[in-house]
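# Structural overview
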Amino acid sequence: MKQYLYVLSGLVLLSIIFSLIPQFNSIYQNEFLLILYSLIKRNSFLILFLASIYYLDNKKIVRAEKLLLSLVIINTPIILIQYNFITSPDDLTGLFGNISTGVLIYLYVALYAAMKFRSQSFRLSSKILFYLSFVLYSLLAEVKFVIASIIVIEIILSLISSKKSLMKKGINLVIVSFITYLSLIIFEKLYPLQPITDLDYLRFYLFEQSYDSMYSVNRFNFFEQINYYLEPSLLNQLFGYGIGSLNPSDASTFQGALFKEFEFLKLHYFFFSWSFVESGIVGTFLYLTILYFPISIMIFKNGFSYLVKKSEDFSILLFLTLFNTVLLFYNSSNFEYTVSFTYWIYCGYIFRSFTK
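Residues numbered from 1 in each chain as written. Predicted model: local features only at pLDDT ≥ 70, side-chain atom pairs only at ≥ 80, totals over all residues. Heavy atoms only, no water.

## Looking at the pattern of salt bridges
To keep it simple, the criterion reads: Salt bridges are identified by distance alone: a Lys or Arg side-chain nitrogen within 4 Å of an Asp or Glu carboxyl oxygen. Here a strand is any run of E in DSSP of at least two residues, a helix any run of H or I of at least four, and the numbering for each starts at the N terminus. Buried residues are those whose accessible area, probed at 1.4 Å on protein chains only, stays under 20% of the maximum for their type, while exposed residues exceed 50% and partly exposed ones sit between those limits.
For the structure shown, the criterion picks out four salt bridges. Salt-bridge contacts for Glu278 lead to Arg42; the nearest nitrogen and oxygen are separated by 2.6 Å. Of this pair, Glu278 sits in helix α13 (residues 271-302) while Arg42 sits in helix α2 (residues 32-43), placing them 236 residues apart in sequence. Of the two residues examined, Glu278 and Arg42, each falls in the buried class. Salt bridges sharing common partners tie together Glu65, Arg118 and Asp313.

Quick look at the structure:
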């Protein structure tokens, strides 16, 4: 296992070196504290990953899942009350405080996967309350992506779960499809200007509509905006403008130089636009290599079929990896502490089990 940890650590170190190169040749200079903060924010997952390898196991993770499940269920009535007082669905987080809805949704999805693959570890009443809370929160927080993805999530889970019979998989799929259908109807009643079942609207929303204003980028059209406003050189295209240059913050000390000047573009709203500006093509490739490295090694050493048949933990990790892949295109939550830390905590103790 140690040789793989050395490789992963080397990739992280290489990523850090490349992210610092543009700092010495850029008209957008960042403060030392901002650079240090951004390096810690982007790479501190490695510490949690190593800690998880050596100190966590299945029993501890299940206890943590049950605690989180209790918090999520308790949080539901608080969210219902909060819904009447907030001005933006992005602030609908209840007890979880000042985090984005995308981060809270990730915790919901992690629990969803855990209860699907470790069903025997949770009481039926707890699972029912959780599913109701999940659907309700998705509706109130206006998280269109999650509502539309519930059926896709279930299909993925059914495909990678080899322990359930075909009949059980079919029943699960029918139930979730029905719940999703009802959720979509309710959503369109609550938000009539967002007909998410209309394919023309979805195409406009995903590929044409600006996220915040006429100047802000979309999930898939950011290259045109970057080239027009930032005019990146070949060095910038390869290595970006440097770590922290697009970092958003309420404190001016931790606001990147590019964020201050081009905040109106909302480049930090999406992973690929944020990563490309800060780290370029090379840095983005390294980030993705690091993200998929542990699970790739596990599959290489043990075989995919063996892992999904023998390990509930691996099935959870595989699902979270697939969901992270979707998030790469949907928003920038892969750069959020909670999302990154949750994934790498799961990844650590599971990685130890299959790379001995």
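## Things to note about the side chain of Lys266
Within the element layout of this structure, Lys266 appears in the loop between α12 (257-262) and α13. The exposure class assigned to Lys266 is buried, which follows from its relative accessible area of 8%.

## Quick look at the nonpolar core
We apply this condition: Among buried residues, those of type Ala, Val, Leu, Ile, Met, Phe, Trp, Tyr and Cys that are joined through side-chain atoms within 4.5 Å constitute a nonpolar core. Here a residue-residue contact requires only that any non-hydrogen atoms of the pair lie within 4.5 Å.
Judged by nonpolar contacts, the single largest core of 82 residues is most densely connected at Phe49, Phe130, Leu230, Met298, Tyr346 and Phe351. No other element matches the 14 residues that helix α5 (residues 101-117) contributes to this core. Residues contacting Phe351, with those up to four places away along its chain left out, are Met1, Tyr4, Leu5, Phe49, Ile53, Pro294, Ile297 and Met298.

## As for helix α15 (residues 312-330)
Condition: Take the number of residues in a helix, subtract one, and multiply by 1.5 Å to get its expected span. A 3.5 Å cut-off defines polar contacts: any pair of N or O atoms within that distance qualifies, except that in protein one atom must be a possible hydrogen donor and the other a possible acceptor, and neighbouring residues in sequence count only when both atoms are side-chain atoms.
Over its 19 residues, α15 runs 27 Å from end to end, which matches the ideal 27 Å to within 8%, given 1.5 Å per residue. In terms of residue burial, α15 counts as a mostly covered element, since 14 of its 19 residues are buried. You can read the cap of α15 off the contacts: a side-chain oxygen lies 3.3 Å from the backbone nitrogen of Asp313, and it is on Ser311.

## Here's the deal with unusual backbone geometry
Positive phi, normally seen in glycine, also occurs at Glu231, with a value near 50°. Phi angles above zero are rare outside glycine, and Lys266 is one such case at about 60°.

## Quick notes on the environment of Phe45
Looking at the secondary structure, you find Phe45 in helix α3 (residues 45-55). Along the primary structure Phe45 and Phe341 are separated by 296 residues, whereas in three dimensions their C-alpha atoms are 5.9 Å apart.

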